[in-house]
Amino acid sequence: MTALQPIKGQTVLVVRGGEGVSTPKAYGMIDAAYGDKVNERHGKFDESINALKNNSIGGVISSAYNIFEEVILPVHSCAKKIKEILNENGAVFSMMSGSGPAVFAFFKDNKSATLAASAVRKIGARAFICETV
């Protein structure tokens, strides 16, 4: 455990649409895809910690990683579509949360997040504009 200060005041849009993938199935997909090599595929943990220590949202974004995206997005069309819509509508960064179906995105401001929320709601997704605290 590492005690870290949060990066405050970042606009985040959290979107949920479609059905999730069960935890056992998600891990089974990882095992099937990578087997014993799964530990070689990891994010930049030390870079994430340093970015948080330095209050660098850019550093957090550049070091973020979710291995589940590699195996779930190709077969989970709703989460994939949500991520595409967010990116097309001004997201600075987007990523699936865990094994889905939620996707979150950072935006430069509330106005951009509001426009993206409207776009994903058109496909029946639920969207919530938040701010980091």
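Here the structure is a predicted model, which means the values were calculated and not measured. (Residues numbered from 1 in each chain as written. Predicted model: local features only at pLDDT ≥ 70, side-chain atom pairs only at ≥ 80, totals over all residues. Heavy atoms only, no water.)

Draft legend 1. Here's a closer look at the environment of Ala3. Counting through the fold element by element, Ala3 comes out in the segment before β1 (11-16). It is 9.6 Å that separates the C-alpha atoms of Ala3 and Ile49, two residues lying 46 residues apart in sequence. (Helix = DSSP H or I, 4+ residues; strand = E, 2+ residues; numbered from the N terminus.)

Draft legend 2. Expanded view of helix α2 (residues 45-53). By the burial criterion, the buried members of α2 are Ser48, Ile49 and Ala51. The buried residues of α2 occupy an angular sector of 160° when projected down its axis, which confines them to one face. In α2, those exposed residues whose orientation departs by more than 90 degrees from the buried face are Asp46 and Lys53. Against α3 (57-63) lie the buried residues of α2. Phi turns positive, to about 55°, at Asn55, one or two residues after α2. (Buried < 20%, exposed > 50% of the residue type's maximum accessible area, 1.4 Å probe, protein only. Arc of directions from axis to C-beta. Contact = heavy atoms within 4.5 Å.)

Draft legend 3. Here's a closer look at the pairing of strand β3 (residues 102-107). Alignment of β1 against β3, held across 6 bridges, turns out to be antiparallel. Pairing of Leu13 across the sheet is with Ala105, part of β3. The pairing of strand β2 (residues 93-96) with β3 spans 4 bridges and is classified as antiparallel. Bridge pairing in β3 links Met95 to Phe104. Two successive antiparallel strands, β2 and β3, enclose a turn made up of 5 residues, where Gly98 displays a positive phi of approximately 60°. (Pairing = 2+ DSSP bridges.)

Draft legend 4. Main features of the packing of aromatic side chains. Evaluation of the coordinates by the stated rule reveals 4 aromatic pairs. On the numbers, 6.3 Å between centres and 55° between planes, the contact of Phe93 with Phe104 is tilted. Here Phe93 is found in strand β2, whereas its partner Phe104 is found in strand β3, with 11 residues between them in sequence. Note on Phe93: relative accessible area 14%, which makes it buried. Consider the rings of Phe93 and Phe106, whose centres lie 6.3 Å apart with planes at 45°: the pair is tilted. With Phe93 in strand β2 and Phe106 in strand β3, this residue pair connects regions lying 13 residues apart in the sequence. Residue Phe106 is classed as buried on the basis of its relative accessible area, which comes to 12%. (Phe/Tyr/Trp six-rings, centres within 6.5 Å; stacked < 30°, edge-to-face > 60°.)

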